[in-house]
Amino acid sequence: MKISVLGCGWLGFPVAQQLLKNSYIVQGSTTTKKKISLLKNSGITPYLIEIPDTLVNPENSSFWDSDILFLNIPPARRKYEGRMDYPERVQLVVNEAKKGSIQWIIFASSTSVYGRAGGVVSEEDVKEELVKNYSGEDIFRAEKVISQSPFDFTILRFGGLYGYDRHPVNHLSGKKNLSGADKPINLVHREDCISVFEAVLLKEKRNTIYNVVSDGHPPRKEFYQCAANHLDLPLPRFNDEKSENNKVISNLKLKRELDYTFSYPNPMDHTP
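The rules behind each value
- Sequence positions are assigned chain by chain, starting from 1 and proceeding in written order.
- pLDDT decides what is reported in this predicted model: residues at 70 or higher carry local features, side-chain atom pairs at 80 or more are listed and counted, and totals for whole chains, interfaces and linings draw on all residues regardless.
- Excluding hydrogens and water, the side-chain values take into account all heavy atoms of the structure.
- Elements are defined by DSSP. Helices are runs of H or I of four residues or more, strands are runs of E of two residues or more, and each kind is numbered from the N terminus.
- For the radius of gyration, the atom set is restricted to C-alpha positions; the globular benchmark scales as 2.2 Å times the number of residues to the power 0.38.
- With a 1.4 Å probe rolled over the protein chains alone, any residue whose accessible area is under 20% of its type maximum counts as buried; one over 50% counts as exposed, and the rest are partly exposed.
- When checking whether two residues touch, look at their non-hydrogen atoms; a contact exists if any pair is within 4.5 Å.
- As used throughout, the charge tally considers Lys and Arg to be positive and Asp and Glu to be negative, leaving His and the chain termini uncounted.
- By convention, the charge on Lys lies at NZ, on Arg at CZ, on Asp at CG and on Glu at CD.
- Two rings belonging to Phe, Tyr or Trp (six-membered ring only in the last case) form a pair when the distance between their centres is within 6.5 Å. Interplanar angles under 30 degrees mark stacking, angles over 60 mark edge-to-face geometry, and anything in between is tilted.
- Any Lys NZ or Arg CZ found within 6 Å of a ring centre and within 35 degrees of that ring's normal is scored as a charge over the ring.
- Basic side-chain nitrogens of Lys or Arg form a salt bridge, by our definition, when they fall within 4 Å of a carboxyl oxygen of Asp or Glu.
- Two cysteine sulfur atoms make up a disulfide if the distance between them is within 2.5 Å.

Enquirer: Can you walk me through the overall build of the protein in this structure?
Expert: Each helix and strand counted, the protein has 7 helices and 11 strands in total. The C-alpha atoms of the protein give 19 Å as radius of gyration, which agrees with the globular expectation for 272 residues (19 Å, within 12%). With the principal axes as the frame, the protein shows a C-alpha extent of 55 × 40 × 40 Å. Residues classed as buried in the protein amount to 50% of the 272 residues present. Sequence-distant contacts, at least 24 apart, represent 76% of the contacts inside the protein between residues at least 6 apart. Each charge class in the protein can be summarised by its mean position, and for the 35 positive and 33 negative side chains these summaries are 3 Å apart.

Enquirer: Explain the packing of aromatic side chains here, please?
Expert: When we look at a pair of aromatic rings, we describe it by the centre distance and by the angle of the planes. Evaluation of the coordinates by the stated rule reveals 5 aromatic pairs. Centre to centre, the rings of Tyr260 and Phe262 are 5.1 Å apart; their planes meet at 85 degrees, and the pair counts as edge-to-face. Taken individually, Tyr260 and Phe262 each receive the classification buried, so the pair is uniform in this respect. Cation over ring: Arg166 sits above Trp10, and NZ or CZ is 4.6 Å from the ring centre. In this structure, Arg190 packs its charged tip against the face of Trp10, placed 4.6 Å from the ring centre.

Enquirer: Even after reading the chapter, I still don't get unusual backbone geometry, so can you show me in this structure?
Expert: Phi is mostly negative for residues that are not glycine, and the peptide bonds are mostly trans. Here Ile51 and Pro52 are connected by a cis peptide whose omega angle stands at 10 degrees. Position of Pro52 relative to the elements: it lies in the loop between β3 (45-48) and β4 (68-71). If you check the backbone angles, Asn207 has positive phi at about 55 degrees while not being a glycine. By the secondary structure assignment, Asn207 is in the loop between α5 (190-203) and β10 (208-212). Its relative accessible area of 43% is what places Asn207 among the partly exposed residues.

Enquirer: Help me out: how do you make sense of the pattern of salt bridges in this one?
Expert: Scanning the model with the defined rule gives 6 salt bridges in all. For Asp152, the salt bridge goes to Arg206, with nearest N and O atoms at 3.0 Å. Taken as a pair, Asp152 in strand β7 (residues 152-158) and Arg206 in the loop between α5 and β10 lie far apart in primary sequence, 54 residues in all. The partly exposed category is assigned to Arg206, whose relative accessible area is 26%. Linking Lys255 and Asp215 is a salt bridge whose minimum nitrogen-to-oxygen distance equals 3.0 Å. Note that Lys255 is positioned in helix α7 (residues 252-258) and Asp215 in the loop between β10 and α6 (220-230), a separation of 40 residues in sequence. Overlapping salt bridges, with partners in common, bring together Asp152, Glu204 and Arg206 in one network.

Enquirer: Explain the state of the cysteines here, please?
Expert: By definition, a disulfide is the covalent link that joins the sulfur atoms of two cysteine residues. In total, this model carries 0 disulfides according to the counting rule given. Unpaired in this structure, Cys8 has its nearest cysteine sulfur neighbour in Cys193, at a distance of 15 Å. Judged by its relative accessible area of 3%, Cys8 falls in the buried class.

Enquirer: What exactly am I supposed to notice about the side chain of Thr208 here?
Expert: Tracing the backbone through its elements, the reader meets Thr208 in strand β10. Residue classification places Thr208 among the buried residues on the basis of a relative accessible area of 13%. Look past the residues within four positions of Thr208 in its chain and what remains in contact with it is Phe153, Thr154, Ile155, Lys253 and Glu257.

In short, the description is geometric, and any link to function would need to be established separately.
Printed below as a string of structure tokens:
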């Protein structure tokens, strides 16, 4: 079976490497020429694809001759003047995929689609009126593009990603008067993201959505200050204001349907 990974970045590249270990034929895309040799030397057939500029390049036509597409391109964090919207970019990808042999799209989505929802939220709890941040709105619309396409689909709503050289405390270290001290975190380690992807393939879980979030949801203040201590970074300082719309994102559907046990069930229990 052949799989094309559109976006061999921090998550996509190790996913592609794991697929190779599992004897899949893997094609991978990057937006930088210097990464072409890295992909090739890893056993991945490399493609230079920038959306929209080189998406329809004839040299890239064979990228779409795969059984499965892992669509792993993130939205912009803020709206840029003159830049194509994320859902439009995803639609262009779907249009190109129609020209090839792809039958199944696995989409790397995000729990930001839950926006200001509160309480325990599961996959069916997305409400457009609660998605008020720019990236969340765009991802919500992109999910619709995928689910309404002619392909089988699986949408993986990843929580905040961490692991190895990446830890969210780096963005908060040393900052003061931060809000949301009591908000529960919704994170997931990269190793679990890769393993969930494997489980979806193995069990052929198509036309469904999963929240990919660890079991543990410690409060932000406790988690980030412990992480800062562990990494010997300046502590982030939080104010005492109580938060509203605190949400815990449920992973019960994933664990039940994939019979999955997290390798990193609680971010508090493991070093980065």
